Protein chains: 2
Amino acid sequence: MASLYNSGADRAARRAAVLANHLVQADQLATGSLLLASNCLHYNPPELTNPASFNPIHLRQILDGHHLEARDWMFKLMEESPLFCPKCRWEGKVFVAPDYNATKEQQREMTMRRIEFLLNNGVFEGWLTDSSAEATMRKFALKECIGIFDHSLGTKLAVHFILWGSAIKFFGTKIHHDKWLRDTEKYKVLGSFSMTELGHGSNVRGVETIATYDSNKREFIINTPCESAQKYWIGGAANHATHTVVFSQLHINGKNEGVHAFIVQIRDSIGNICPNIRIADCGHKIGLNGVDNGRIWFDNVRIPRENLLNSVADVLPDGQYVSSIKDPDQRFAAFLSPLTAGRVNITAMAVYISKVALAIATRYALSRRAFSVIPNGPEVLLLDYHSHQHRLIPLLAKVYICALSCASNFLKTLYIQRTPESSKALHVYSSALKATATWQNMITLQECREACGGQGLKTENRIGILKGEFDVQSTFEGDNNILMQQVSKALLAEYVAVQIKQKHFKGLGLEHMNGPAPVIPPVLTSSILRNAKFQTDIFSLRERDLFQRFSEEVFRYQAQGESKEKALLLSYQLAEELARAFAERTTLQIFLEAETSVLQAPLKEVLGLLRSMYAMTCIDEVASFLRYGYLSVDNAAVVRKEVMALCTDLRPHALTIVSSFGIPDSFLSPIAFDWIEANSWSNLSSE
Amino acid sequence: MASLYNSGADRAARRAAVLANHLVQADQLATGSLLLASNCLHYNPPELTNPASFNPIHLRQILDGHHLEARDWMFKLMEESPLFCPKCRWEGKVFVAPDYNATKEQQREMTMRRIEFLLNNGVFEGWLTDSSAEATMRKFALKECIGIFDHSLGTKLAVHFILWGSAIKFFGTKIHHDKWLRDTEKYKVLGSFSMTELGHGSNVRGVETIATYDSNKREFIINTPCESAQKYWIGGAANHATHTVVFSQLHINGKNEGVHAFIVQIRDSIGNICPNIRIADCGHKIGLNGVDNGRIWFDNVRIPRENLLNSVADVLPDGQYVSSIKDPDQRFAAFLSPLTAGRVNITAMAVYISKVALAIATRYALSRRAFSVIPNGPEVLLLDYHSHQHRLIPLLAKVYICALSCASNFLKTLYIQRTPESSKALHVYSSALKATATWQNMITLQECREACGGQGLKTENRIGILKGEFDVQSTFEGDNNILMQQVSKALLAEYVAVQIKQKHFKGLGLEHMNGPAPVIPPVLTSSILRNAKFQTDIFSLRERDLFQRFSEEVFRYQAQGESKEKALLLSYQLAEELARAFAERTTLQIFLEAETSVLQAPLKEVLGLLRSMYAMTCIDEVASFLRYGYLSVDNAAVVRKEVMALCTDLRPHALTIVSSFGIPDSFLSPIAFDWIEANSWSNLSSE
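In this text the structure is predicted, and so the values were computed from the model without any measurement. (Residues numbered from 1 in each chain as written. Chains lettered and ligands numbered in written order. Predicted model: local features only at pLDDT ≥ 70, side-chain atom pairs only at ≥ 80, totals over all residues. Heavy atoms only, no water.)

(A) Fine view of the UniProt feature "domain: Acyl-CoA oxidase C-alpha1" (unreviewed entry) in chain A. Listed under "domain: Acyl-CoA oxidase C-alpha1" (unreviewed entry) in the UniProt record, and renumbered for this structure, are residues 339–492 of chain A. Between the C-alpha atoms that bound residues 339–492 of chain A there is a distance of 24 Å. The span itself is 68% helix and 5% strand. (UniProt positions renumbered as here; feature names shortened; annotations may be inferred. Helix = DSSP H or I, 4+ residues; strand = E, 2+ residues; numbered from the N terminus.)

(B) Layout of unusual backbone geometry. All names here are of chain A. One non-glycine residue with positive phi stands out, namely Cys 85, at about 50 degrees. Within the secondary structure, Cys 85 sits in the loop between α5 (68–79) and β1 (87–90). By relative accessible area, Cys 85 is classed as partly exposed at 23%. Non-glycine residue Phe 371 carries a positive phi angle of around 60 degrees. Within the secondary structure layout, Phe 371 lies in strand β14 (residues 369–372). For Phe 371, a relative accessible area of 28% puts it in the partly exposed group. (Buried < 20%, exposed > 50% of the residue type's maximum accessible area, 1.4 Å probe, protein only.)

(C) Expanded view of helix α11 (residues 340–365) of chain B. The first and last C-alpha atoms of α11(B) sit 38 Å apart over 26 residues, in line with the 38 Å expected at 1.5 Å per residue. Extensive coverage of α11(B) is indicated by the burial of 26 of its 26 residues. (Expected span 1.5 Å × (residues − 1).)

(D) Molecular detail of the interface of chain A and chain B. Across the contact, 94 residues belong to chain A and 94 residues belong to chain B. Of the roughly 8300 Å² buried between chain A and chain B on both sides combined, carbon and sulfur atoms contribute 54%. Together, A:Asn101, A:Arg627 and A:Trp681 form the three largest contributors to the area buried by chain A at its contact with chain B, with a combined 9%. At the boundary of chain A with chain B, the tally comes to ten salt bridges. Across the pair A:Glu553 and B:Lys641 runs a salt bridge, and its minimum N-O distance is 3.2 Å. Inspection of the chain A/chain B interface yields 52 residue pairs in polar contact (both at pLDDT 80 or more). (Contact = heavy atoms within 4.5 Å. Buried area = accessible area lost by both parts, 1.4 Å probe. Salt bridge = Lys/Arg side-chain N within 4 Å of Asp/Glu carboxyl O. Polar contact = N/O pair within 3.5 Å; in protein donor to acceptor, adjacent residues only side chain to side chain.)

(E) Representation of the sheet that holds strand β6 (residues 231–235) of chain A within the structure. All names here are of chain A. The antiparallel open sheet is built from three strands, whose spatial order is β6-β10-β9. The open sheet has two edge strands with one neighbour each: β6 and β9 (277–281). Recorded for the sheet is a direction-independent mean angle of 35 degrees between the axes of neighbouring strands. Bridging between β9 and strand β10 (residues 293–298) involves five bridges; their strand directions are antiparallel. Its bridge partner lying in β10, Ile 279 is registered against Ile 296. (Pairing = 2+ DSSP bridges. Axes fitted to C-alpha atoms, helices over the stretch in contact; angles between N-to-C directions.)

(F) Spotlight on the packing of aromatic side chains. Tallied over the full model, the rule gives 58 aromatic pairs over all chains. Aromatic pair A:Tyr364 and A:Trp675: ring centres 5.6 Å apart, planes at 65 degrees, arrangement edge-to-face. Here A:Trp675 lies in helix α25 (residues 675–678) and A:Tyr364 lies in helix α11 (residues 340–365), a separation of 311 residues in the sequence. With a centroid separation of 5.8 Å and an interplanar angle of 45 degrees, the aromatic rings of B:Phe124 and B:Tyr187 are classed as tilted. Of this pair, B:Phe124 sits in the loop between α6 (104–120) and α7 (133–149) while B:Tyr187 is found in the loop between α9 (174–185) and β3 (193–194), placing the two residues 63 residues apart along the sequence. An identical accessibility class is assigned to B:Phe124 and B:Tyr187; each is buried. Above the face of the A:Phe170 ring, A:Arg418 is positioned so that its terminal group lies 4.9 Å from the ring centre. (Phe/Tyr/Trp six-rings, centres within 6.5 Å; stacked < 30°, edge-to-face > 60°. Lys NZ or Arg CZ within 6 Å of the ring centre and 35° of its normal.)

Structure representation (structure tokens):
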């Protein structure tokens, strides 16, 4: 990405000189003379032998989707600050990265100092006080860049702005906005979000903290009645937060009105813990040690009545409970829906981290050689092994296609344009895509780590450490398994509604279910397999059939006397497959819309290859298509061979594809570039 | 495992008191009165509601296979030393674990102090000087226990004893044994093993370090000719090692005789780096930070002629090169085969770490509740959700069955009884099982981590940190992908030999290929699926068919003019599937032999369930059985349902199964026990 990012003339000149130095070697290599002349390996920049067939900037525009300039500004701001630990590893080559050989205490301290720096540079301006779509999208873009540097930094910001900030904004009313939003944006208060407890994570409705109203003093009393009710994992609580939003059962006159949110101050302005608050550390973790997760006990803490965040429900001074939403289930749902922003951010982040790993692993595979195929012949580039192509290129295609649904505009726009009517669709999409993208990210990181061998384990090479840092994504802000179950459950509800009302499917891309079932040609050829219509058809066919199978199974269990809940739980195998089918069909569909708008021939061709690779990989890597007969045994074999053929077709574009990810060189790692120079004795002091 | 390990009367009494305390609660819970009476969660020991249907000691004997008493002694030694950081988390509950919130420098220091402690307690006695089978098996057992505490400690010992020590023992001759073995065992020298270079890992034959013989001075000159030839990842090199075995091309009179091993001193007895040696650190890693991996450059270092490890080849004083093995390929193979011990140890370790994770995740799932199925009903134990059973119980079965082939006696005995004739079989088995066990371990750790939610990320709960610590296993001492390719290649060679010589298959368990192909019944029922004969048949059928398909594909490519090497590379998809088929059939077969020897009814029944779960999972989780028609679509559906049925059947035994793993409580983690008590405010100081 040097050509995109390091655009300064000085850098370009330095780079040209380095390339020229290597040209002679590459020339010798091509003729085989170098390997005979010397026993020594040389680094050959992959750019020399992998010319771009299209302009990576065009692809980047599609993938990043918005605010490319703001992103580059953000990257540069970090790159140029000593707080982001820039290290010049060899002439002209700087990398930024946190020091992970530091205790959690040191990492937390550094995270706060970086936040101060970003604050002073105006990064957060408008993050809470400007609600325009433009400002929201810009915030998403900047957060993504920050998260690429360090997940702790990104998460600490997310807790403050997205969890605490959104809670004030969406659960609160004008009185809260006026009092808190500007101060939050300026970091005059440091917010946190006390939802999870030791005993209750995903099941938020089961939290045991109790808020009781005292109408005499017009105060709420917040209490932690037992050890399992201690607030747990509260980001910011252990060291820095001054305030928190507490999720608590609201008891009014002996009646439990369900979970509500309250503002509680936990530290004074100089950092002393407030009276009747006890705080402990959550301890060392496998990642995110720059976030000070803590535990909080409330010992009958009294707060003013106004500290109830009252957008959905309120308690009048005399103790009367009022709410515009009568049904407690709906009240609870309305309460949580604005928090989807966190899930949108997590989903996009997962895609960006996959990009970082794939850019590094692909560049390494284009410069690292191992074994020779001809006796005494030159060693072969890793990416010229078919098996290595099969490890990386399908992942490249997956992250590419997923980027469109998860990280470009789709999910964010859906979030920004949400209405009460669209909240269910937003929940379903964000659940399915969050789970899919974060699981896929872990798979990608693991494969990339192994594809880089031991180098993948070195912290300076990022891939390995990203595994620990981002592992949390599969279970926080919605456990992936539970999210996927909710997707199937929501789809089933659609199905039932359509059956009962004898209407058509509308929304969630399910319109394809209204027509006749697509017909798959009996004999598949390469050209059929690469056809968008065929790919859409077979993905739709699978979704439609699993819909049918899943609902039939649930109804069968119900007919046998099981409750609906139990029937859903018993049908978990089909529920998982259906949710996956939904996520993959959605992803393909969103990509196709983007693809249609691209007109330049070379780029369009590569997009087609990526789309076909995505489709073939989705089909080939699970048993479902064979299991349910969407593919015959013969056709499955054709698909399998097509994955290999697509690897060959995409191989020449691999470098340009990762270049278009738009990650600056300095946010990648030494093995993505001249790893021999990076490890040379003369550059030792720079490590 | 309290009943097995903490056998002291005082501990038993303390435990009884804790149990009695909980009995009242459990009783209330059973009647539902507790949840109504109080909002607060209580920990209920899973022992109360999961009675053992068999004696876990009997299962442990099968699984550990040997030296149970020595293991318990080893565990106790560590548990009782302050160096192993025992922490009493609440009354009677101690956990040992390294402090991972420490810099690499601190972790390395602690690792050396622990080694000193083990040395002073006689743990290493005979590890190199006693070659009996008994001593070797004891060493394996003790190393496994040490590795359960910390992978850095285990690995640092493996480098010193298994890599450096075995190199002296097997590559060296009497002169080397006399000079080095006892001193190594006593840690008077600290060994290391310099094989890998920056530019060459798996492809050892390509190392660029050069040893030249100077017949005038009767010395070898070891030199690092270029940056890519720097020795890399050398455990012990960065801080502690005094000596190393250098793998180097041997140049005699201008001819390269291939890779040979030489002893070089790199530090003096007080730790100063020797002249003409340069050393640098490999830096921070995602795990194993207690191992000081380093890089070494040799600047024409002179060593006496006797420092060539000359069991396979020698250089006479006048410079004449002599070897009993003429073929350089065979010479190279003979050289590396004793190093299989490392692979055997890694394989066993992977299984033990899976056990740790599964014991923790299963016990947590038997005490953690989430959501209720009936409106306002009690929350349900995680392990009573079918989907959660499906996440953990197949993994339990897999680790169980794999333990027999990978960690009990099979592989170790094969290693100890190795002969030149059996070295190929040892290579094939150890490659297939090492790759399978280490990959499976990563899958297990990831699933267990997610199954524990956020708790899986806390270092004190072990599972998460073990992911980073053991990730290296899939690529060190043989990259898994390359090992699996070698397995298929070796199997192909068997196939060709049988075809050409018109003989029968003999060895590697391939005898089943000599008879007619097994016939799979057209309609499968639960009782057929659980039948050992059927399971063996379908695994054999798959292996046999893939054998055929793979060899046909390779021959077809060769017929099209591709070289044999290229043909193998092009057939990578079938090669992977065949290697997997071989590993799983082998594993099943070894388990069946062990199962036959068990006569006690309740235990035998559980073993049968575990075996069936293993077989059904192997079949259900890949597409191969459908892809190649070993199963019809209908029968695949029956298999899928059987996995669910087996989950239900094994659920009551889950606790006893993990108890039989033989991991002491103190080597598990707080969430495996009373995690509410562990997190209580009153126990804060003990964290």
